[in-house]
Amino acid sequence: MNILICIEYKELKINNIIYNLIESAKKIKNDKNENNIYILIIGYKIKKNFIKSKLDNIVNIKKVIIFNNIIFKNIISENVVNLLLNLYKKYNYLIFPSNHFGKNILPRLASKIDVSPISDVINILNKNTFEKLIHSGNIKLTVKSYDPIKLLTIRFTNFSNINIIKNTKYKVKFKYINNNFDKFKKTKFINIKEIEKNNLNLNNSKIIIGGGRGLKSIKGFEILKILAKKLNAAIGATRSAVDAGYISNNFQIGQSGKIIAPDIYMAIGISGAIQHIAGIKDSKTIISINQDEEAPIFSISDYGIIGDLFILLPKLIKMIK
Ligand SMILES: Cc1cc2nc3c(=O)[nH]c(=O)nc-3n(C[C@H](O)[C@H](O)[C@H](O)COP(=O)(O)OP(=O)(O)OC[C@H]3O[C@@H](n4cnc5c(N)ncnc54)[C@H](O)[C@@H]3O)c2cc1C
């Protein structure tokens with residue numbers, strides 16, 4: 001039972017979601033209760049010591065394969081798939097995170113090797129049976145796969161990252177490769193420009209403050225940013241706020257944005273559409289401010305404040321030392 005977890009090396013690091021993915025892979029076992037977990041890291045100028053500091057001594061990892069190539073300086077899925085087409089036959093499972101990286105690769109790879117991909121997995125019941133979310137996270141589906149190779153994207157927030165066992169006596173094998181493979185010729189990376197940088201990472205922040213159309217303008221989001229700074233929180237937004245141009249779309253949370261699971265999510269001027277809730281429902285505590293007492297966001301909130309955010313936010317900011 002060989003499992004390959006694929007993750008990208010970006011901005012000189014791998015994301016801590018690797019631990020959640022390892023946790024998910026641990027649940028896939030053969031009849032003898034065994035599995036072999038391999039990790040494939042794809043990127044350019046990968047710092048070996050950094051990777052070692054993250055992954056060495058983790059007893060569940062059989063081997064870490066580091067694929068360092070200038071082709072992956074800026075990742076396009078076509079090249080990743082061409083690489084995976086050379087590797088996939090050795091594995092029974094290929095696991096990707098449910099993020100832009102994984103969602104880009106899975107459909108293309110699945111069509112190339114003719115298997116049914118299983119996306120947004122939230123639980124692994126046994127080696128063939130998976131629970132996944134559909135319809136913006138409103139329906140939980142249980143699926144059984146008979147494909148010999150299973151391709152999964154994992155909703156990493158549904159798997160804990162605290163059960164990783166390290167043992168200094170256990171040395172993980174690291175293999176560095178840079179083989180040639182066919183570079184995809186029909187698509188070429190040209191340029192990437194970040195419009196606006198999020199102050200903190202939406203995946204790793206304990207507190208996230210989401211702003212909606214209720215903030216009414218770019219200026220409205222400036223108030224949110226003051227609050228975020230005081231709380232050391234990251235900022236997020238609804239699609240309507242993004243579409244209205246209040247903030248750039250790398251802040252978008254929801255079905256077509258990022259999926260988050262912070263300790264605290266504050267929804268400010270957000271109605272609570274199902275597409276937004278799909279991205280926030282794993283938050284541990286949800287606090288909402290909305291002037292409409294019937295706003296659907298209150299039905300999933302732990303704490304709700306009915307009132308005008310333009311009156312409440314300045315008061316809140318003043319109260320926080
Ligand atoms: C295919 C598809 C994918 C989508 N994907 C996403 C997604 O990923 N993420 C996402 O967020 N949406 C997504 N949407 C859009 C979604 O359906 C909603 O339109 C959107 O989430 C609404 O955003 P909002 O809550 O900011 O705006 P609104 O629904 O307009 O709500 C604004 C809220 O602010 C409140 N408000 C106004 N003024 C004040 C004030 N002064 N004080 C307090 N409260 C105030 C109002 O009462 C209202 O509840 C998607 C839609 C489709 C069709």
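For clarity, every value in this text was computed on a predicted model and none was experimentally measured.

Chemist: Before we go on, may I ask you to explain the sheet that holds strand β14 (residues 303-306) in this structure?
Modeler: Sheet strands associate in pairs through backbone hydrogen bonding, adopting either a parallel or an antiparallel arrangement. Judged by pairing direction, the sheet is parallel, and its five strands sit side by side in the order β11-β10-β12-β13-β14 without closing on themselves. The open sheet has two free edges, formed respectively by β11 (234-237) and β14, since each of these has just one partner strand. Neighbour-to-neighbour, the strand axes of the sheet open up by a mean angle of 15°, direction not taken into account. Here strand β10 (residues 207-211) pairs with strand β12 (residues 264-268) via five bridges, running parallel. Each residue of the ladder has a partner; that of Gly210, found in β12, is Ala267. Across the sheet, helix α5 (residues 218-231) is in contact with β10, β11 and β12; its angle to β10 comes to roughly 175°.

Chemist: Please clarify how the nonpolar core should be interpreted in this entry.
Modeler: Where a protein is soluble and globular, its nonpolar side chains tend to be buried together. In this structure, Ile22, Ile39, Ile41, Ile51, Leu55 and Val64 are the most contacted members of the largest nonpolar core, which totals 35 residues. Residues within four places of Ile22 in sequence aside, it is in contact with Ile5, Ile37, Ile39, Leu55, Ile58, Asn60, Ile61 and Ile164. Among the nonpolar cores identified, the runner-up in size contains 28 residues, and Ile65, Phe67, Ile113 and Val115 belong to it.

Chemist: Where do I start with the packing of aromatic side chains in this structure?
Modeler: Geometrically, a pair of aromatic rings is defined through the distance of the ring centres and the angle of the planes. What the rule picks out here adds up to three aromatic pairs. For the ring pair Tyr38 and Tyr91, a centre distance of 5.4 Å and an interplane angle of 70° mean the geometry is edge-to-face. Taken as a pair, Tyr38 in strand β2 (residues 36-43) and Tyr91 in the loop between α3 (77-87) and β4 (93-97) lie far apart in primary sequence, 53 residues in all. An identical accessibility class is assigned to Tyr38 and Tyr91; each is buried. Their ring planes at 50° and their centres at 6.3 Å tell us that Phe221 and Tyr246 sit as a pair that is tilted. Of the two residues, Phe221 is situated in helix α5 and Tyr246 in the loop between α6 (239-243) and β12; the sequence distance between them amounts to 25 residues. Here the two residues Phe221 and Tyr246 agree in accessibility, since each one is buried. The ring of Tyr176 carries the charged tip of Lys48 above its face, separated from the ring centre by 4.5 Å.

Chemist: Would you mind showing me how to read the site of the ligand here?
Modeler: Near the ligand there are 26 residues, and of these Arg213, Thr238, Ser256, Ser271 and Asn290 occur at the shortest range. The side chain of Gln252 places a nitrogen or oxygen atom 3.0 Å from an oxygen atom of the ligand. Interatomic distance of 2.7 Å between a side-chain N/O atom of Asn290 and an oxygen atom of the ligand. Relative to its unbound accessible area of 990 Å², the ligand is 77% covered by the protein chains. Taken together, the residues of the shell around the ligand sort by class into five nonpolar, 16 polar and five charged.

Chemist: Got a minute to help me understand the environment of Pro314 in this structure?
Modeler: Summarising the element assignment, Pro314 is placed in helix α8 (residues 309-319). Each C-alpha atom of the pair Pro314 and Lys144 lies 51 Å from the other, and the pair is 170 residues apart in sequence.

Chemist: What's the story with the pattern of salt bridges in this structure? I'm lost.
Modeler: Any two side chains of opposite charge can pair, given that their charged atoms come close. Here the structure, examined in full by the defined rule, presents seven salt bridges. Across the pair Asp243 and Arg239 runs a salt bridge, and its minimum N-O distance is 3.7 Å. Here Arg239 and Asp243 lie together in helix α6, a separation of four residues that amounts to about one turn.

Chemist: Hey, could you run me through the packing of α5 against α8 in this one?
Modeler: Angle between the axes and distance between the axes are the two parameters that describe a pair of packed helices. Contact geometry of α5 with α8 gives a least axis separation of 10 Å together with a crossing angle of 25°. When the axes of α5 and α8 are compared, the pair comes out roughly parallel. Two packed elements cross with a definite hand, and for α5 against α8 that hand is left-handed. Along its contact with α5, which presents Gly220, Ile223, Leu224, Ile226, Leu227 and Lys230, the element α8 presents Phe310, Leu313, Leu316 and Ile317. Its residues assigned to classes, the contact of α5 with α8 shows eight nonpolar, one polar and one charged.

Chemist: So what exactly am I meant to see when it comes to the domain arrangement of the protein chain here?
Modeler: Reports of interface size often rely on the accessible area that becomes lost once the parts have come together. Assigned domains within the protein chain: domain 1 (2-177) and domain 2 (207-319). The gap between the C-alpha centroids of domain 1 and domain 2 is 31 Å. With seven residues of domain 1 at the contact, the number on the domain 2 side is nine residues. With both sides pooled, the region where domain 1 packs onto domain 2 buries about 810 Å², and carbon together with sulfur makes up 44% of that total. Ranking the residues of domain 1 by area buried against domain 2 places Ser136, Arg155 and Thr157 at the top, with a combined share of 57%. Connecting domain 1 to domain 2 are one salt bridge. Taking the shortest distance from any N to any O, the salt bridge between Asp282 and Arg155 comes out at 3.4 Å. A class-by-class count of the residues in the side of domain 1 that touches domain 2 yields no nonpolar, five polar and two charged.

Here is what the cut-offs are and how they apply
- Residues numbered from 1 in each chain as written.
- Predicted model: local features only at pLDDT ≥ 70, side-chain atom pairs only at ≥ 80, totals over all residues.
- Heavy atoms only, no water.
- Pairing = 2+ DSSP bridges.
- Helix = DSSP H or I, 4+ residues; strand = E, 2+ residues; numbered from the N terminus.
- Axes fitted to C-alpha atoms, helices over the stretch in contact; angles between N-to-C directions.
- Contact = heavy atoms within 4.5 Å.
- Core = buried A, V, L, I, M, F, W, Y, C linked by side-chain atoms within 4.5 Å.
- Buried < 20%, exposed > 50% of the residue type's maximum accessible area, 1.4 Å probe, protein only.
- Phe/Tyr/Trp six-rings, centres within 6.5 Å; stacked < 30°, edge-to-face > 60°.
- Lys NZ or Arg CZ within 6 Å of the ring centre and 35° of its normal.
- Near = heavy atom within 4 Å.
- Polar contact = N/O pair within 3.5 Å; in protein donor to acceptor, adjacent residues only side chain to side chain.
- Areas by Shrake-Rupley, 256 points an atom, 1.4 Å probe, with all protein chains shown as cover.
- Nonpolar A, V, L, I, M, F, W, Y, C, P; charged D, E, K, R; others polar.
- Salt bridge = Lys/Arg side-chain N within 4 Å of Asp/Glu carboxyl O.
- Parallel < 35°, antiparallel > 145°, perpendicular 65-115°, else oblique.
- Left-handed = near helix turned anticlockwise from the far one by under 90°.
- Domains from an automatic or database assignment.
- Buried area = accessible area lost by both parts, 1.4 Å probe.

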